[in-house]
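Now for the letters of each chain:
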Amino acid sequence: DTGVSQNPRHKITKRGQNVTFRCDPISEHNRLYWYRQTLGQGPEFLTYFQNEAQLEKSRLLSDRFSAERPKGSFSTLEIQRTEQGDSAMYLCASSLSVSHYEQYFGPGTRLTVT
Amino acid sequence: GQQLNQSPQSMFIQEGEDVSMNCTSSSIFNTWLWYKQDPGEGPVLLIALYKAGELTSNGRLTAQFGITRKDSFLNISASIPSDVGIYFCAGSYNNNDMRFGAGTRLTVKP
């Protein structure tokens, strides 16, 4: 399978716990994006990487959120001290920098904070 | 928050009918994209538009980039049951912050 993969697909956690999600992009894609999607809404941009450099972060990305892409391949998104409002689908997408608008999404990680 | 207005919010049609949905923005975009999302999955790219006035087809799907650069529409001809899903428009203006509409939920009755 050469598409974008995300793990886990589902995560249930208690408020206050930390969670980490992983995204493996399409192998030749050097750009990687994180989005958050809540019920009935479209995806909302969180942050993106070009290779290992994090180049842009949305205002939505609070201090409790951190993303890394240490070797320019897979990426992790960590949420510390989760809150119920963090419950959402977290989507990862990847693209080639030359056609960066054509982003290819993974299946997402659905987070439920109880 | 969302800057794109997508309409209609939902559509219920009979198999074989044509479908039209659109997206408007308060800002000018340089790129419009249309995605389809099935339940529990990520959005799948359908069509990308890069030039005002551009009309692009992908099978039974046709999308246009409005000449004002503030709108786009997507048409689906001769709908089939597997067209069911949520269709999202997305736009961007010379940056990497792509904005999505809230989606149009399409139901196709066989």
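Structural data are supplied above this passage.
Asker: Looking at this structure, how should I read the pattern of salt bridges?
Answerer: Once the charged atoms of two side chains with opposite charge are near each other, the side chains can pair. Within this structure, the stated rule accounts for six salt bridges over all chains. Linking A:Asp24 and A:Arg22 is a salt bridge whose minimum nitrogen-to-oxygen distance equals 2.7 Å. Note on A:Arg22: relative accessible area 33%, which makes it partly exposed. Ionic pairing is found between B:Asp83 and B:Arg60, a salt bridge with its closest N-O pair at 2.8 Å.

Asker: Explain the pairing of strand S2 (residues 10-14) of chain B here, please?
Answerer: Looking down a regular strand, the side chains alternate between one sheet face and the other. Residue and element names in this part refer to chain B. The side-chain alternation of S2 yields one buried face, formed by Met11 and Ile13, and one unburied face, formed by Ser10, Phe12 and Gln14. Examined bridge by bridge, S2 and strand S11 (residues 104-109) share five bridges and lie parallel to one another. Following the sheet pairing, Gln14 is matched in S11 by Lys109.

Asker: Would you take a moment to explain unusual backbone geometry for this structure?
Answerer: Residues other than glycine predominantly adopt negative phi, and peptide bonds predominantly adopt the trans conformation. A cis amide bond links A:Asn7 with the next residue in sequence, A:Pro8, at an omega value of -10 degrees. The residue A:Pro8 is located in the loop between strand S1 (5-7) and strand S2 (10-13) in this model. At the junction of B:Ser7 and B:Pro8, the peptide bond is cis and its omega measures out at -5 degrees in the coordinates. Note on placement: B:Pro8 falls in the loop between strand S1 (4-7) and S2.

Asker: Even after reading the chapter, I still don't get the packing of aromatic side chains, so can you show me in this structure?
Answerer: By convention here, two paired aromatic rings are described through the distance between centres and the angle between planes. For the structure shown, the criterion picks out twelve aromatic pairs over all chains. Here the aromatic rings of A:Phe65 and A:Tyr90 are separated by 6.4 Å at their centres, their planes lie at 40 degrees, and the arrangement is tilted. Of this pair, A:Phe65 sits in strand S7 (residues 65-68) while A:Tyr90 sits in strand S9 (residues 88-95), and the two are 25 residues apart along the sequence. A relative accessible area of 7% places A:Phe65 in the buried class. Residue A:Tyr90 is classed as buried on the basis of its relative accessible area, which comes to 0%. Between B:Phe29 and B:Trp32 the ring centres are 5.2 Å apart and the planes differ by 80 degrees, which places this aromatic pair in the edge-to-face class. Aromatic rings pair up to connect A:Tyr33, A:Tyr35, A:Phe45, A:Tyr48, A:Phe105, B:Tyr35, B:Phe88 and B:Phe100 into one cluster. It is A:Arg22 that lies over the ring of A:Phe74; its NZ or CZ is 3.9 Å from the centre.

Asker: Explain the environment of A:Phe45 here, please?
Answerer: Residues and elements named next belong to chain A. Turning to its location among the elements, Phe45 is positioned in strand S5 (residues 44-50). Take Phe45: its relative accessible area is 5%, and that puts it in the buried class. Separated by 31 residues in the primary sequence, Phe45 and Lys14 place their C-alpha atoms 25 Å from one another.

Asker: Just checking my understanding: could you explain the state of the cysteines for this structure?
Answerer: Think of a disulfide as a covalent bridge from one cysteine sulfur atom to another cysteine sulfur atom. Using the criterion set out here, one finds two disulfides over all chains in the structure. Each disulfide pairs two cysteine sulfurs, and for A:Cys23 the partner residue is A:Cys92, the sulfurs being separated by 1.8 Å. Disulfide A:Cys23-A:Cys92: the torsion about the S-S bond is -65 degrees, which places it as left-handed. Taken as a pair, A:Cys23 in strand S3 (residues 19-24) and A:Cys92 in strand S9 lie far apart in primary sequence, 69 residues in all. What makes A:Cys92 buried here is its relative accessible area of 0%. Shown here is the disulfide that connects B:Cys23 with B:Cys89, its sulfur atoms set 1.8 Å apart. Residue B:Cys23 is located in strand S3 (residues 19-25), and its partner B:Cys89 is located in strand S9 (residues 85-92); the two are separated by 66 residues in the primary sequence. By the burial criterion, B:Cys23 is buried, and B:Cys89 matches it.

Asker: How should the pairing of strand S7 (residues 61-65) of chain B be read in this particular structure?
Answerer: All names here are of chain B. Residues of S7 alternate between two faces, with Leu61, Ala63 and Phe65 buried on one and Thr62 and Gln64 left unburied on the opposite face. Here strand S6 (residues 55-58) runs beside S7; their pairing, made up of four bridges, is antiparallel. Among the inter-strand pairings, Thr56 is bridged to a residue of S7, identified as Ala63. Linking S6 to S7, which pair antiparallel, is a turn of two residues; within it Gly59 sits at a positive phi near 65 degrees. Where S7 meets strand S8 (residues 71-76), five bridges bridge the pair, whose relative direction is antiparallel.

Each value, and the rule that gives it
Residues numbered from 1 in each chain as written. Chains lettered and ligands numbered in written order. Predicted model: local features only at pLDDT ≥ 70, side-chain atom pairs only at ≥ 80, totals over all residues. Heavy atoms only, no water. Salt bridge = Lys/Arg side-chain N within 4 Å of Asp/Glu carboxyl O. Buried < 20%, exposed > 50% of the residue type's maximum accessible area, 1.4 Å probe, protein only. Helix = DSSP H or I, 4+ residues; strand = E, 2+ residues; numbered from the N terminus. Pairing = 2+ DSSP bridges. Phe/Tyr/Trp six-rings, centres within 6.5 Å; stacked < 30°, edge-to-face > 60°. Lys NZ or Arg CZ within 6 Å of the ring centre and 35° of its normal. Disulfide = S-S within 2.5 Å.

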